[in-house]
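Observations on the three-dimensional arrangement
In case you want the letters, here they are:
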Amino acid sequence: LAQAILVQAVLAHAILVGTQESLQSAVVFRSVRLPRVMSKGAASPFAGIDVKVLNAMGAGAVASVIQAALAALGEPIVNRVLVKRMKVMEAMDDVSLAMLLDFFKTTLPTNFLKFPFFEAINAFCAALPISPSTRGIFTGFVFTTATLPVTNYRYRKSMQLEVNWGNIYEAYFPTVIRD
């Protein structure tokens, strides 16, 4: 997890700076392997599951930074087109750079909750002796139930709507069925 967070910081710096040297050093740094915390030869069938879950959470943390930046740029515009039925150019004119940067303050922490959590559920379920379809149903149910408030919070913030406890589980059943 510490390696993943460090890699995430290096990659985020490389993306923000955008120079050829910083991107090359990020790629080189990403290829460095730190020693494993747990040995592979433990007796339990679940040996190493904690390491797998932590590694998956680290991968989710890295992905969350990249997706947060993309979402901060795109979600406010897409939501205006889909919900307010604005034309794309009208939606782009309706958002400001300050609004996008402010929304990034929402996307980053919500992604840090959702992405590592999803990867942890997946890694844990992959170690269980259940069928892939059962694993998918379980993962979808647990993930949606736990993170729908975060998703609804983020949506409402992108649309600059009021957020309260009454709308935090809005559209739960259609969402859990879909996921």
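Look up a bit, the structure's there.
Since the structure is predicted, the reported quantities are computational estimates derived from the model, not experimental observations. (Residues numbered from 1 in each chain as written. Predicted model: local features only at pLDDT ≥ 70, side-chain atom pairs only at ≥ 80, totals over all residues. Heavy atoms only, no water.)

This paragraph deals with the environment of Arg 156. With respect to the helices and strands, the residue Arg 156 is situated in helix α6 (residues 132-158). Remark: the alpha-carbon pair of Arg 156 and Asn 79, spanning 77 residues in sequence, is separated by 9.8 Å. Those residues in contact with Arg 156, other than ones at most four positions away along the chain, are Leu 161, Glu 162, Val 163, Asn 167 and Glu 170. A polar contact of 2.6 Å, which involves the side chain of Arg 156, links it to the backbone oxygen of Glu 162. For Arg 156, the side chain forms a polar contact with the side chain of Glu 170, separated by 3.5 Å. (Helix = DSSP H or I, 4+ residues; strand = E, 2+ residues; numbered from the N terminus. Contact = heavy atoms within 4.5 Å. Polar contact = N/O pair within 3.5 Å; in protein donor to acceptor, adjacent residues only side chain to side chain.)

For Arg 85, which is not glycine, the phi torsion reads 55 degrees and is therefore positive. Mapped onto the secondary structure, Arg 85 falls in the loop between α3 (49-83) and α4 (88-94). Note on Arg 85: relative accessible area 66%, which makes it exposed. Phi angles above zero are rare outside glycine, and Ala 171 is one such case at about 65 degrees. Within the secondary structure, Ala 171 sits in the loop between α6 and α7 (172-178). What makes Ala 171 partly exposed here is its relative accessible area of 43%. (Buried < 20%, exposed > 50% of the residue type's maximum accessible area, 1.4 Å probe, protein only.)

Moving on: the pattern of salt bridges. Tallied over the entire structure, the rule returns 3 salt bridges. Note that Glu 75 and Arg 154 form a salt bridge whose closest N and O atoms lie 2.5 Å from each other. In this pair, Glu 75 sits in helix α3 while Arg 154 sits in helix α6, placing the two residues 79 residues apart along the sequence. Exposure remark for Glu 75: the relative accessible area of 21% places this residue in the partly exposed category. The buried category is assigned to Arg 154, whose relative accessible area is 7%. (Salt bridge = Lys/Arg side-chain N within 4 Å of Asp/Glu carboxyl O.)

Where α6 bends most, at Thr 147, the angle is about 50 degrees, and the proline Pro 149 comes one to four residues later. Those residues of α6 not exposed but buried are Thr 139, Gly 140, Phe 143, Thr 144, Thr 147, Leu 148, Pro 149, Val 150, Asn 152, Arg 154, Arg 156 and Ser 158. Of the surrounding secondary structure, the elements contacted by the buried residues of α6 are α3, α5 (97-126) and α7. Just beyond α6, the residue with positive phi is Gln 160, at close to 55 degrees. (Bend = angle between axes of the 7 residues up to and from the residue.)

Among the secondary structure elements, Lys 105 is positioned in helix α5. With a relative accessible area of 61%, Lys 105 lands in the exposed category. Spatially, the C-alpha atoms of Lys 105 and Ala 69 are 9.8 Å apart, while their sequence positions differ by 36 residues.

One pass over the full model with this rule turns up 4 aromatic pairs. Geometrically, the ring pair formed by Phe 117 and Phe 143 is stacked, given 6.4 Å between the ring centres and 20 degrees between the ring planes. With Phe 117 in helix α5 and Phe 143 in helix α6, this pair connects stretches of sequence that are 26 residues apart. Exposure remark for Phe 117: the relative accessible area of 31% places this residue in the partly exposed category. A residue is classified by how much of its surface remains accessible, and Phe 143, at 15% relative accessible area, is buried. Between Phe 118 and Phe 143, the aromatic rings sit 5.1 Å apart at their centres with planes inclined by 75 degrees, giving edge-to-face as the arrangement. Of the two residues, Phe 118 is situated in helix α5 and Phe 143 in helix α6; the sequence distance between them amounts to 25 residues. (Phe/Tyr/Trp six-rings, centres within 6.5 Å; stacked < 30°, edge-to-face > 60°.)

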